Amino acid sequence: MEDILLLALIIGLPALALLCAFGAAWAGRWRTWAVKEPGPFIFTKRNYAPMQLGIAGLALLCICPAILASLDRWEHAETLWTVLIVVFVPIGIGMRWWWPTAVTPKWHKDWVRRGGTDETPLWGPHETVPARAARKGWK
């Protein structure tokens, strides 16, 4: 029981925080990230940080059963680790160079279609800018 609680605190909470950031970006409540430059060691044309954070949060949540399997010395723990490594390492490396437009939120696709530059408004002509974003000067 202590292992599960410790695992939830060390891995589960950060994973949920990453997934919350992803959710806010996907829903369009947080859009300012789109106009920023990609971070260090990111080689994509645009910034996809929240999408990458979502993948990282998902990876952390998927690692939890593998850690529990190792702690409890399950018979197939090594196989579980191998599958997770084979799945998430290529995705983690690949998303540094390429992020498919098909897996971005609708508002982001619309923004890219309208130009996708610093001068392009983050909210389209059919959308109203939330008061909180308008107070910060976003349009």
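Residues numbered from 1 in each chain as written. Predicted model: local features only at pLDDT ≥ 70, side-chain atom pairs only at ≥ 80, totals over all residues. Heavy atoms only, no water.

1. Thoughts on the layout of surface pockets
So the rule is basically this: Here a cavity denotes grid points, spaced 1 Å and computed from the protein atoms alone, that fit a 1.4 Å probe unable to get out, and a pocket denotes an open set having protein on both sides within 12 Å along at least 5 of 7 lines; residues with an atom within 4 Å of a point are the lining. Grid points are joined across faces, edges and corners, and a volume is the space filled by probe spheres set on the points. When residues are grouped by polarity, Ala, Val, Leu, Ile, Met, Phe, Trp, Tyr, Cys and Pro land in nonpolar, Asp, Glu, Lys and Arg in charged, and all others, Gly among them, in polar.
Considered as a void within the structure, the largest pocket measures approximately 220 Å³ in volume. Taken together, Arg-29, Trp-30, Arg-31, Thr-32, Trp-123, Pro-130, Arg-132, Ala-133, Lys-136 and Trp-138 make up the lining of the largest pocket. Considered class by class, the residues forming the lining of the largest pocket number five nonpolar, one polar and four charged.

2. Concerning the packing of helix 2 (residues 49–71) against helix 3 (residues 77–94)
When two helices pack together, their arrangement is given by the angle between the helix axes and the distance between those axes. So the rule is basically this: Think of each axis as a best-fit line through the C-alpha atoms, taken over the contacting stretch in the case of a helix, with angles from 0 to 180 degrees between the N-to-C directions. Runs of E in the DSSP output that reach at least two residues are strands. Runs of H or I that reach at least four are helices, and both are numbered from the N terminus. When an angle is under 35 degrees it counts as roughly parallel; over 145 it counts as roughly antiparallel; between 65 and 115 it counts as roughly perpendicular; any other value is oblique. Each crossing gets its handedness from the near helix: less than a right angle anticlockwise from the far helix is left-handed, clockwise is right-handed. It only takes one pair of heavy atoms within 4.5 Å for two residues to be counted as in contact.
Between helix 2 and helix 3, the least distance of the axes is 9 Å, while the angle of their chain directions is 165°. Relative to helix 3, the element helix 2 is oriented roughly antiparallel. In terms of crossing hand, the pair formed by helix 2 and helix 3 is left-handed. Across the interface between the two elements, Ile-55, Leu-58, Ala-59, Cys-62, Ile-63, Pro-65, Ala-66, Ile-67, Ala-69 and Ser-70 from helix 2 touch Ala-77, Leu-80, Trp-81, Leu-84, Phe-88 and Ile-91 from helix 3. Of the residues assigned to the contact of helix 2 with helix 3, the class counts are 15 nonpolar, one polar and no charged.

3. Comments concerning the packing of aromatic side chains
Spelled out, the test is: Pairing of aromatic side chains requires ring centres within 6.5 Å, counting the rings of Phe and Tyr and the six-membered ring of Trp. Pairs whose planes differ by under 30 degrees are stacked, by over 60 edge-to-face, and all others tilted. The cut-offs for exposure are 20% and 50% of the maximum accessible area for each residue type, with area from a 1.4 Å probe on protein chains only; residues under the lower value are buried, those over the upper are exposed, and the others partly exposed.
In total, this model carries four aromatic pairs according to the counting rule given. Aromatic pair Trp-33 and Trp-107: ring centres 5.6 Å apart, planes at 75°, arrangement edge-to-face. Here the residue Trp-33 occupies a position in the loop between helix 1 (2–27) and helix 2, and Trp-107 occupies one in helix 4 (residues 106–113), the gap between them amounting to 74 residues. The class of Trp-107 is buried, set by a relative accessible area of 6%.

4. Details of the nonpolar core
As a reminder of what qualifies: Nonpolar core, defined: a set of buried Ala, Val, Leu, Ile, Met, Phe, Trp, Tyr and Cys residues in which side-chain atoms within 4.5 Å join the residues together.
Among the nonpolar cores identified, the biggest contains 13 residues, and Trp-33, Ala-34, Met-51, Trp-99, Trp-107, Trp-111 and Leu-122 are the most heavily contacted of them. Leave out the neighbours within four places in its chain, and Leu-122 touches Arg-31, Thr-32, Ala-34, Val-35, Trp-107, Trp-111, Arg-114, Glu-127, Trp-138 and Lys-139.

5. Describing unusual backbone geometry
In this model, Phe-41 sits at a positive phi of 65°, which is unusual for a non-glycine residue. Counting through the fold element by element, Phe-41 comes out in the loop between helix 1 and helix 2. Of note in the backbone geometry, Arg-73 takes a positive phi value of approximately 55° without being a glycine. Here Arg-73 is to be found in the loop between helix 2 and helix 3. A relative accessible area of 74% places Arg-73 in the exposed class.

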